[in-house]
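Listed below, chain by chain, are the residues.
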Amino acid sequence: MKHQIRLNVNGAYYDLLVDPRKTLLEVIRNDIGLIGTKMGCNCGECGACTVIMDGRAVNACLILAVQANDKKILTIEGLASGGKLDPLQEAFIDYGALQCGYCTPGMIMSAKALLYKKSSPDRGEIQESIAGNLCRCTGYISVIEAIEAVIKAEKRP
Amino acid sequence: MNQFKGKAKILAGGTDLLVQMKRGKIAPEYLINIKNISDLDRIEYDVNRGLTIGSLALIADLQESYTIRDRFPILHGALSQLGTQQVRNIATIGGNLCNASPAAETAPALIALGASAKIVGHGGEKVVKLEDFFVEPGKTVLKIGQILIEIQIPNVSPDCKGIYLKHALRRKLETAIVGVAVSLSTDFEYGPVKEANIVLGAAAPIPKRALKAEQLAKGKKIDQHLLNEIASVASEESSPITDVRATAEYRREMVKVLVKRAFTELIKI
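The structure displayed is predicted, hence computed values, not measured ones.

Rules of the game
Residues numbered from 1 in each chain as written. Chains lettered and ligands numbered in written order. Predicted model: local features only at pLDDT ≥ 70, side-chain atom pairs only at ≥ 80, totals over all residues. Heavy atoms only, no water. Helix = DSSP H or I, 4+ residues; strand = E, 2+ residues; numbered from the N terminus. Rg over C-alpha atoms; globule rule 2.2 N^0.38 Å. Buried < 20%, exposed > 50% of the residue type's maximum accessible area, 1.4 Å probe, protein only. Contact = heavy atoms within 4.5 Å. Axes fitted to C-alpha atoms, helices over the stretch in contact; angles between N-to-C directions. Parallel < 35°, antiparallel > 145°, perpendicular 65-115°, else oblique. Left-handed = near helix turned anticlockwise from the far one by under 90°. Core = buried A, V, L, I, M, F, W, Y, C linked by side-chain atoms within 4.5 Å. Pairing = 2+ DSSP bridges.

J.: For this particular structure, what's the right way to read the overall build of chain B?
T.: A tally of helices and strands in chain B yields 10 helices and 13 strands. In terms of C-alpha radius of gyration, chain B reaches 18 Å, essentially the compact-globule figure of 18 Å for 269 residues. Referenced to the eigenvectors of the C-alpha coordinate spread, the extents of chain B come out at roughly 55 × 45 × 35 Å. Buried positions account for 51% of the 269 residues belonging to chain B. The long-range share in chain B, meaning contacts at least 24 apart out of those at least 6 apart in sequence, stands at 58%.

This is the structure in structure tokens:
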């Protein structure tokens, strides 16, 4: 039996008939076709699938699509607007905060959720917010520096 | 639940359940999503009654509560060491308890606080002490058709201090190898211990109070010699297993270390 659900992804509504076994991650990637959100471990360890649901960072692989019915989802594709990248995306490029790039969408979404919650988090809070995002190539220093740069820039009048 | 006769599982946050299903450990035919039951996610504090937490309260919401941080620091400590931000944002306290993992992060702290669980189902409503809630790994006293709806935590007396210590190689990102919650009440910093609760996580089939060790501490002024004895007795009371994370011998040794460390953090010895 399939279920009818409505997802608001990056401001657009999707009415979908989904298998109750499908995760939000599978639906975002396969049914909606937004493949910026990555599948890594598929069991909530690596954070590659991090999206923002109703303002909070979550692992899309641990949520059934039917549970996300009527929820507001923001993925990496929803950050840039009017042809302009989000300041976090700009900073990740400027600081070279990526290598293979597989963990990057998740990292950025975790950082974005942190900035929703706190306007000027300290380094410890930044580390805490991305502790659930594993990077296996470049390390975390440049990622933290990129996030700090955005916080600094936003503080300037 | 009755209708599906054991073929159904209750889904709350899903951070444990979905992982177990993906790994093929369990394969329920039906999932019953209780997340939409309103009012089960409340966090209420009353000066007389203490803290009442709905079973669907999110770990993240509880962790961010200043009331819990200030009045129940032992619980705040355990919540802060549970999973990643992404997991805390969807995991519920009821789920953490009902999965009945021997290593459930919130259980030792809640038992040390003297918490109770309110259960509702056919057959009415009842309240059980949380230390009597767990039966074996993966199993609680809940029967088919019953759900945990509330956790009740009595007020902590001002002379009582507590701490939850977790031993894991990747700190909060993995299951505890051993977790120890200790709460002690003393009249003054060097005074004798009036009450002691020592609760062990991941050191027995269920989260377990080290009752003999508690008795040993009660009414006594703790010195290094007595503390060694308390820690050894607590370790003897544990019955850990050997698994991929650690051997039983190592766990028993770590119970000793963590009990000593907890006492040293709480009182002057």
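J.: Quick question: what am I supposed to make of the packing of helix 9 (residues 224-237) of chain B against helix 10 (residues 248-266) of chain B here?
T.: The geometry of a pair of packed helices is captured by two quantities: the angle between their axes and the separation between those axes. Residue and element names in this part refer to chain B. It is at 8 Å that the axes of helix 9 and helix 10 come closest, and there the two elements cross at 140°. With respect to helix 10, the axis of helix 9 lies oblique. For the pair helix 9 and helix 10, the crossing hand works out as right-handed. Where helix 9 abuts helix 10, its residues Leu-227, Asn-228, Ile-230, Ala-231, Ser-232, Ala-234 and Ser-235 lie against Arg-252, Val-255, Lys-256, Val-259, Lys-260, Phe-263 and Thr-264.

J.: I'm lost on the environment of Lys35(B) in this one. Help?
T.: Residues and elements named next belong to chain B. Following the sequence through the fold, Lys-35 ends up in the loop between strand 2 (30-33) and strand 3 (43-46). Under the relative-accessibility criterion, Lys-35 is labelled partly exposed at 29%. Separated by 133 residues in the primary sequence, Lys-35 and Ala-168 have C-alpha atoms spaced 30 Å apart. Those residues in contact with Lys-35, other than ones at most four positions away along the chain, are Leu-11, Ala-12, Gly-13, Leu-56, Leu-58, Ile-90 and Thr-92.

J.: Looking at this structure, how should I read the nonpolar core?
T.: One recurring pattern in soluble globular proteins: nonpolar side chains tend to sit buried together. Leu24(A), Leu75(B) and Ile153(B) are the most contacted members of the largest nonpolar core, which has 63 residues in total. No other element matches helix 7 (residues 106-112) of chain B, which puts 5 residues into this core. Excluding residues within four positions of it along the chain, Ile153(B) makes contact with Arg49(B), Gly50(B), Leu51(B), Ile53(B), Phe72(B), Leu75(B), Leu110(B), Leu113(B) and Ala115(B). Counting residues in each nonpolar core, the second largest holds 31 residues, with Ile177(B), Val193(B), Ala234(B) and Leu258(B) among its members.

J.: Would you mind going over the sheet that holds strand 4 (residues 50-54) of chain B with me for this structure?
T.: Two strands in a sheet stick together by hydrogen bonds in their backbones, pointing the same way (parallel) or opposite ways (antiparallel). All names here are of chain B. Taken in spatial order, the 5 strands of this open sheet run 3-4-9-5-6, and their pairing is antiparallel. A single partner strand is all that each edge strand has here, and the edge strands are strand 3 and strand 6 (124-129). Sheet twist, expressed as the average angle between the axes of neighbouring strands with direction ignored, equals 20°.

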